[in-house]
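These are the residues of each chain, in order.
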Amino acid sequence: MNRATLGLQGLQLILCVAAAPLLIGWVGLCRAWFANRSGAGVLQPYRVLKKLFAKTPVVAHDASPLFLATPYIIFAATALAGASVPMISAARPLTDAADVITLAGLFILTRIFTALAAMDIGTAFGSMGARREMLVGFLAEPALLMVLFTPALISHSTSLTVIVQHLTASSPILYPSMAFAAAAYVMVLLAENGRIPIDNPGTHLELTMIHEALNLEYSGRYLALIEWTTAMKLFVYMSIGVALFIPWGIPRHGGLAHLPWALVLFCAKLCIGGIALAFLETILAKMRLFRVPEFLGTAFMLAVLGLLLRFLLRR
Amino acid sequence: MPPFTQVINMLAALFLLVAFAMLSQRRIVNLINLYAIQGLILALSISVVAYGTHQNHLYWSAALNGLLKVCVVPVLLHRLVRTLKVAWDPESLVRIPTVMLLGLALVIFAFHVSLPIAGLARTVNHDTLGVALASIFLSFLMMILRTTAISQVIGFLALENGLIFAATSVTYGMPMVIELGIALDVIVGVLIFGVFSFHIRAQFDSLDLRHMERRDE
Amino acid sequence: MSMSVGVPLELATGILVLWFLWAPVSLLGTRFPHLVRGFFPISAGAAFTLSIAGFMALTHAPMTMTLPLGLPSLPFHLRLDPLSGFFLILFGATTCAIALYLTGYRHREGYPVELRIGFSFHILLASIVLIFLADDVYVFMLSWELMAVSSYFLVVTDHHTEVVRKAGFLYLLIEHIGALAIMVAFAIMRAHASQGVGMGYTFHALHKATLSVDQAGLVFFLMLLGFGAKAGLLPLHVWLPEAHPVAPSPVSALLSSVLLKLGIYGLLRVLFDLLPAPMGWWGLVALVLGLVTALFGAIASAVQNDMKRLLAYSSVENIGLITAGLGLALLFMAHDMRTLAALALAATLYHCINHAFFKGLLFLGAGSVLHATGERHIGRLGGLIRRMPLTALLMLVGTLALAGVPPLNGFVSEWLLLQAFLGATAFSQPYLNMGVPLGAALIALVAGLAAYVMVKFYGIIFLGRPRESTLQNAVDAGPWERAGMAVLAALCVALGLLPTTVMHLLHPTIAFLMGAHAPQALHLTPGLLIAPLAVRDATYLPMAVLGVMTLIGVVAFVAVRRLFLRRMRRARPWNCGYPVLSAQMQDSAEGFGQPIQHIFATFLRLRRVVPVPEDAAPFYESVVEDPLWYVLYLPIMRAVGKVSVAAGLLRHRKIAIYLLYSFVTLIALLVFAS
């Protein structure tokens, strides 16, 4: 671990934290274009964050310290997850700390704290949101783990660095099991980040949505942190998808020489990913809540099938 | 692995993915679109096999399959659906997670069955035989579990897709005569299905097969 | 007393004797209550010393001792080897915390439970130590029975209530079915032990016994049945959700943390130490049984509304995970993949000690809540984080540990288990190759369900608004109780942040279990990074996770404060502008578990009382029951009933008929003898 890799790690962390609202803005803009509207601009989330930070937070009388600490905890956990995913370089000091299972564990941590904080105030919306959030979570996390296991089995390692290095190795090989894993991953991404068809990120109706019910009692800087965390979560998920399924272009070893090209390529991939996400959100309709377990069950089965195919097609 | 086999394997995986997607679909319109995608994958795989083994007659087969299964048949089916006003969801008889589990079990079984066959012949691409067999089983399962006549027809067509996929990618080629024979069988079958669909609807005012079953009691 | 006795074994035996001697003295509880209560901290100290002895035993060669107690030609053999040492550490640490808790525990006002249980408690502790130290069948079965009986008396402390008596009876019944199976299995092994009549019953002799494949299989099956009944594997788990809720909370904690591990200890001792090399199907059976148990336990715990029943089913789930790891290790050993077997064993042992700590913590906390509020039903609790802040904090640690969240200890053992599953791609059989990653899928599903259950448990009890008005009288736990819980919480955190230390400790036990051909061990890294197989394959550094998270959190906090300081303002909850806010608007316990109940309806059995619209006093009740009762137990009971009714036909009131029976038997014997 030398200065270069440490610097690279810090740069990636800052990139994840700073550029996440930009991604949300880009997806929102693409959705507006697809719906034949002129959107609010790609910097809109930053304006929202600035507005929220500047406001006085109003908190319920009987909110416990857990409620007040949760935004910081989930912000830190998601930022750590972002720092562990190979974005602009495959080899970083934090790869030793966290592999794919730890990544899934960090997401579980975020989800549990969000649900607990929602239940803290004791309104009907809070417990309803917590219940729905855990429902989505308990099916989506196994599916995510299965999707992550497929490249782990291919590369004989659960470390994301090794996976990326293996997948970008000499000759590009098409892995059929990754096709299934990719389909399952898209479904899991939609579910975990609360995009259509699971949840509509553009509305603020609490009764039909999940994410709004969880944030109902937060305001001011706490709400700003939570919104930022949501943006970072999408950013991290898309980077994981890029690292697993279109890894070509990520430098295998750290080094400032490859940095500009890697940065440009990464931004390009995320832009295309944002357009694809906006397209998916436009053509799909939000499904009824009791269909969500079926949706996630299908994702789980697809991921398991991908895992099976790994054995059945590659002797 | 040589790139040719890799591409065939990838197309086989996509074929299986589409078969699974058809299994978990609720709407007939989506089923028809998925069938068109499956036909496209089939045509692509036949072209790849033709390119890899330098058998030019397979190009004709690919073109024929592509034309029929991606253009003609889906358009006809869409028109049929519009005429029959079949706008409701085809409800499966069994819940979707159970269906997916059954599908998973069938895939494992298909590979179990194809294991000894691979040991027999040298030219057989063992992996894709398993996949093709699995997609045949899945289309059969779809036919069993559906309650509308049209979706059963689509299941039958998907079955035929699987057969042709098995024949071309596993043995790298199929005599044209056999393929034309299969195609003729399918055309006749679809014609009969179409005629029957009109008759059933005229008789029962609905294409739901449960009405027909109840009638017999 | 014979030779080669080391200090640890003497220490352990001494503590054993101390507890046996103290137990009758504590019968004087009513006369000298302070004396009895004051002994509990001494017990805690003794338990701590026991775990030190266990530590020492890990690095020592196995020590033996023969005591001339027991029958004239059957002396007691005792042995302290690394496996016993590991379980002594587990037992010692947990019991230390529980004994500390017991010092300050008051069951109900004016109901001195710790005086009532003083006798049975110490006998139980002594018998558990004796089980771990046993080196022959005689001592083992004797202490097993002692443990069963003393724990029965502990469970039925509240014997005035009928539910408690029935639960205790069920516990004792299944316990004895298991003990019978174990005894028969030991008898089979003894029959084939080569040494003479006197010494053929030592474990050493059994280790050398030659069994045919079928006999070994039968022994495996009986041992799995017997020890599985103790550990709580399906289908003999039904005593767990009945016995845990009715026992006093510290006893439930001991039951869940330590007594269930006795079953695991027995399985490890028999399958790895006493029996010859395992067959492939043993591992597969144990693995499948463990996975099914884990899934069932997780689903059942999600729909429970009684605090302790929820934790009991959660114990079933964790025991299932431990057994799955054990089965995986057996499978790997049968296929001669020794490094992976060591990894699977490491995961199993780590999860054993993790579960002991966090489940003990959760039960102790549940005991504090029960004492403070008098409620066991979750749906009548709520908002306790404001009345009992320290208990809530310690319970949060336990909840997160059970949910398997980094950087606590539950995550480390799950990580190891998943790594073991993922490494299983080198089997020669294709079905095993495919099946084992499917097992990993099931474990991921179980982990997801565990997180759901823990959010339900913690959220409904501690968060939100109090659902009953009596809850505002709740007070926090006393200092002794907090001390006990804090010990376990600190251990949870320590085991989560220092996995390499734990791996170094586990290594002698794993080497001992793997036998003579111990593998070139798991890659034991110095420092804080755990990398069991190879650094390239998989690594985890919990200190870095915690450190970076804290750093980012602090930086965010400071930055936000400096740039945008706005004083926080307190107000009524927003509640979407709705003016009325009552505690009944929150989710009830049944409501929070309803999605799981709906999805997994086939695994459960639901009894519902639904009101009709015209009801003047509508009443809704839904009770979720264990389907195994109706599938397995009730049919067996009915069959037994039918057989006994049929046998009753032999009874008549007439004396002449009985004389006829004797006469006919005599004639028949004479006919057959001639």
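Throughout this document, residue positions are counted from 1 along each chain, in the order its sequence is written. Numbering of ligands from 1 and lettering of chains from A proceed in the order in which they are written. Given that this is a predicted model, residues contribute local features only at a pLDDT of at least 70 and side-chain atom pairs are listed and counted only at 80 or more, while totals for whole chains, interfaces and linings are drawn from all residues. As a rule here, side-chain values come from all non-hydrogen atoms in the structure, and water together with hydrogens is ignored.

Peer 1: An account of the overall build of chain B is needed here, citing residue identities and associated values.
Peer 2: Each helix is a run of H or I in the DSSP string that is no shorter than four residues. Each strand is a run of E no shorter than two, and both are numbered from the N terminus. Along its length, chain B carries eight helices and zero strands. In chain B, the order of α-helices and β-strands from amino to carboxyl end is α-α-α-α-α-α-α-α. Within chain B, the fraction of its 217 residues that count as buried is 50%. Within chain B, counting contacts between residues at least 6 apart in sequence, those at least 24 apart form 75% of the total. For every residue, the accessible area (1.4 Å probe, protein chains only) is compared with the maximum for its type, and the residue is labelled buried under 20%, exposed over 50%, or partly exposed between those bounds. Only heavy atoms matter for contacts: two residues are in contact if any of them lie within 4.5 Å across the pair.

Peer 1: Lay out the overall build of chain C in plain terms, naming residues and giving numbers.
Peer 2: A count of helices and strands for chain C gives 24 helices and five strands. For a compact globule the rule gives 2.2 Å times the number of residues to the power 0.38, and the radius of gyration it is set against comes from C-alpha atoms. Against the globule reference of 26 Å for 674 residues, chain C gives a C-alpha radius of gyration of 27 Å, in line with a compact fold. Each of the 674 residues in chain C was classed as buried or not, and the buried ones make up 58%. Long-range contacts, defined here as pairs at least 24 residues apart, represent 78% of the contacts in chain C between residues at least 6 apart. Throughout, the Shrake-Rupley method with a 1.4 Å probe supplies accessible areas, and for residues the shown protein chains are the sole cover considered. Summing over all exposed atoms, chain C offers an accessible surface of approximately 26,200 Å²; the carbon and sulfur share of this is 69%.

Peer 1: For the packing of aromatic side chains, give the residues involved together with the corresponding values.
Peer 2: Working definition: an aromatic ring pair is given by the centre-to-centre distance plus the angle between the planes. For Phe, Tyr and Trp, where Trp contributes only its six-membered ring, two rings pair if their centres lie within 6.5 Å, and the inter-plane angle classes them as stacked under 30 degrees, edge-to-face over 60, or tilted in between. Inspection of the entire model under this criterion finds 43 aromatic pairs over all chains. Taking the centre distance of 5.6 Å and the plane angle of 65 degrees together, the rings of F75 of chain A and W228 of chain A count as edge-to-face. Here W228 of chain A lies in helix α9 (residues 220–245) and F75 of chain A lies in helix α3 (residues 65–84), a separation of 153 residues in the sequence. Grouping residues by exposure puts F75 of chain A and W228 of chain A together as buried. Between Y452 of chain C and F592 of chain C the ring centres are 5.6 Å apart and the planes differ by 55 degrees, which places this aromatic pair in the tilted class. On the criterion of sequence distance, the pair formed by Y452 of chain C in helix α18 (residues 430–462) and F592 of chain C in helix α22 (residues 589–599) is long-range, its members being 140 residues apart. Since its relative accessible area comes to 0%, F592 of chain C is described here as buried. Members of the aromatic cluster, connected to one another through ring pairs, are W19, F86, F87, F91, F132 and Y265 of chain C. By definition, being over a ring means that NZ of Lys or CZ of Arg is both within 6 Å of the ring centre and within 35 degrees of the ring normal. Looking at R605 of chain C, its charged tip hangs above the ring of Y630 of chain C, at a distance of 4.1 Å from the centre.

Peer 1: Hey, could you go over the pattern of salt bridges for me, with residue numbers and the actual values?
Peer 2: In the sections that follow, a salt bridge refers to a side-chain nitrogen of Lys or Arg positioned within 4 Å of a carboxyl oxygen of Asp or Glu. For the coordinates displayed, the defined rule picks out 22 salt bridges over all chains. When the shortest N-O distance is used, the salt bridge between D120 of chain A and R386 of chain C registers 3.4 Å. On the criterion of chain membership, the pair formed by D120 of chain A in helix α4 (residues 100–120) and R386 of chain C in helix α15 (residues 384–387) is interchain, its members lying in two chains. Judged by its relative accessible area of 31%, R386 of chain C is partly exposed. Between D273 of chain C and R269 of chain C there is a salt bridge, and its shortest N-O distance comes to 2.8 Å.

Peer 1: Account for helix α13 (residues 307–334) of chain C, with residues named and values stated.
Peer 2: Residue and element names in this part refer to chain C. To estimate the expected span of a helix, count its residues, drop one, and scale the result by 1.5 Å. Compared with an ideal rise of 1.5 Å per residue, which puts 28 residues at 40 Å, α13 spans 41 Å between its outermost C-alpha atoms and is within 8% of the ideal. α13 sits mainly inside the fold: 26 of its 28 residues count as buried. Between the side-chain oxygen of the N-cap and the backbone nitrogen of K308 there are 3.0 Å, and the N-cap of α13 in question is D306. Following α13 by one or two positions, D336 adopts a phi angle in the positive range, close to 65 degrees. A 3.5 Å cut-off defines polar contacts: any pair of N or O atoms within that distance qualifies, except that in protein one atom must be a possible hydrogen donor and the other a possible acceptor, and neighbouring residues in sequence count only when both atoms are side-chain atoms.

Peer 1: So what about the interface of chain C and chain A? Which residues, and what values?
Peer 2: Counting residues at the interface gives 72 residues for chain C, matched by 76 residues for chain A. For any pair of parts, buried area is found by adding up, for both, the accessible area (1.4 Å probe) each one loses once the two are put together. Note on chain C versus chain A: buried area summed over both sides is about 6,700 Å², and carbon and sulfur give 74% of it. Among the residues chain C hides against chain A, the three largest losses belong to M549, R566 and R570 of chain C. Together they make up 9% of the total. On the surface where chain C and chain A come into contact, there are three salt bridges. Its salt-bridge partner being R131 of chain A, residue D587 of chain C comes within 2.7 Å of it at the nearest N-O pair.

Peer 1: Explain the domain arrangement of chain C to me, and be specific about the residues and the numbers.
Peer 2: Where each domain begins and ends is defined by an automated method or by a domain database. Structurally, chain C comprises domain 1 (1–221), domain 2 (583–622) and domain 3 (627–673). Each of domain 2 of chain C and domain 3 of chain C has a C-alpha centre, and the two are 46 Å apart.

Peer 1: Outline helix α1 (residues 3–34) of chain A, supporting the account with residue identities and numerical values.
Peer 2: All names here are of chain A. For α1, spanning 32 residues, the distance from its first C-alpha to its last is 45 Å, which sits close to the expected 46 Å at 1.5 Å a residue. At A19, α1 shows its strongest bend, of approximately 40 degrees, with the proline P21 following within four residues. Two residues or fewer past α1, N36 is found with a positive phi of approximately 65 degrees. Consider a residue and the seven residues that end there alongside the seven that start there; fitting an axis to each set, the bend is the angle between those axes.

Peer 1: Any chance you could break down a nonpolar patch on the surface for me, citing the residues and the numbers?
Peer 2: Residues and elements named next belong to chain C. On the surface, a cluster of nonpolar side chains totalling about 550 Å² of accessible area is made up of V7, L11, F48, I52, F55, M56 and L505. Looking at the nonpolar patch, the elements that each hand over two or more residues are α1 (7–25) and α2 (33–59). Locating L505 in the fold gives a position in helix α20 (residues 499–514). Exposure above 30% relative accessible area and no salt bridge define the residues that can form patches, which grow by joining like charges within 9 Å and nonpolar side chains of Val, Leu, Ile, Met, Phe, Trp and Tyr within 5 Å.

Peer 1: I'd love a proper account of the environment of G82 of chain A, names of residues and values included.
Peer 2: Residues and elements named next belong to chain A. Tracing the backbone shows G82 in helix α3. For G82, a relative accessible area of 0% puts it in the buried group. Remark: the alpha-carbon pair of G82 and S239, spanning 157 residues in sequence, is separated by 8.3 Å. Beyond its immediate chain neighbours, meaning those up to four positions away, G82 contacts Q12, C16, M87 and V236.

Peer 1: I'd love a proper account of the confidence of the model for chain C, names of residues and values included.
Peer 2: Residues and elements named next belong to chain C. Here chain C averages 86 in pLDDT, while 93% of its residues score no lower than 70. Within chain C, helix α4 (residues 113–116) has the poorest average pLDDT of any element, 69, and helix α16 (residues 389–403) the best, 94. The complex model carries a pTM of 0.90, and its ipTM stands at 0.93. How sure the predictor is of each residue is captured by pLDDT, a score from 0 to 100.

Peer 1: I'd like a rundown of unusual backbone geometry, residues and numbers included.
Peer 2: Going from I196 of chain A to P197 of chain A, the amide bond is cis rather than trans, its omega being 10 degrees. Relative to the assigned elements, P197 of chain A resides in the loop between α7 (176–192) and α8 (211–214). A cis amide bond, omega 0 degrees, links P406 of chain C with the succeeding residue P407 of chain C. The topology assignment puts P407 of chain C in the loop between α16 and α17 (409–422).

Peer 1: Tell me about the nonpolar core, and name the residues and values.
Peer 2: Residue and element names in this part refer to chain C. As used here, the term nonpolar core means buried Ala, Val, Leu, Ile, Met, Phe, Trp, Tyr and Cys residues forming a set that is joined through side-chain atoms within 4.5 Å. W19 and F186 are the most contacted members of the largest nonpolar core, which has 404 residues in total. Looking at this core element by element, the count peaks at 23 residues for helix α14 (residues 338–373). With residues near it in sequence (within four places) discarded, W19 still touches F39, S43, A46, A47, L50, F91, H122, L125, A126 and V129.

Peer 1: Could you give me a rundown of the interface of chain A and chain B, with the residues and numbers involved?
Peer 2: In this assembly, 21 residues from chain A lie in contact with 24 residues from chain B. When chain A packs against chain B, the two sides together hide about 2,000 Å² of surface, and 78% of this comes from carbon and sulfur. The interface formed by chain A and chain B contains zero salt bridges. At the level of elements, α7 and α11 (292–313) of chain A are the ones that each hand at least two residues to the side of chain A that touches chain B. The element best represented in the side of chain A that touches chain B is α11 of chain A, accounting for ten residues. Three categories are distinguished: nonpolar for Ala, Val, Leu, Ile, Met, Phe, Trp, Tyr, Cys and Pro, charged for Asp, Glu, Lys and Arg, and polar for the others, with Gly belonging to the last. Of the residues assigned to the side of chain A that touches chain B, the class counts are 16 nonpolar, one polar and four charged.

Peer 1: Hey, could you go over the side chain of N200 of chain A for me, with residue numbers and the actual values?
Peer 2: When you line up the elements, N200 of chain A lands in the loop between α7 and α8. Leaving out residues up to four positions away in the same chain, N200 of chain A has contacts with R31, G194, M209, H211 and K286 of chain A.

Peer 1: Please set out the side chain of S135 of chain B residue by residue, giving values where relevant.
Peer 2: Residues and elements named next belong to chain B. Within the element layout of this structure, S135 appears in helix α5 (residues 126–145). When its relative accessible area of 1% is taken as the criterion, S135 is described as buried. Within the structure, S135 has its side chain in polar contact with the backbone oxygen of A132 (distance 2.8 Å). Apart from residues lying up to four places away in sequence, S135 is in contact with F15, L16, A19 and G162.

Peer 1: Residues and numbers for the environment of L331 of chain C, please.
Peer 2: Residues and elements named next belong to chain C. Note that L331 resides in helix α13. Each C-alpha atom, one on L331 and one on G577, is 60 Å from the other, the two residues being 246 residues apart in sequence. Look past the residues within four positions of L331 in its chain and what remains in contact with it is G280, G283, L284, L287, F427 and L432.

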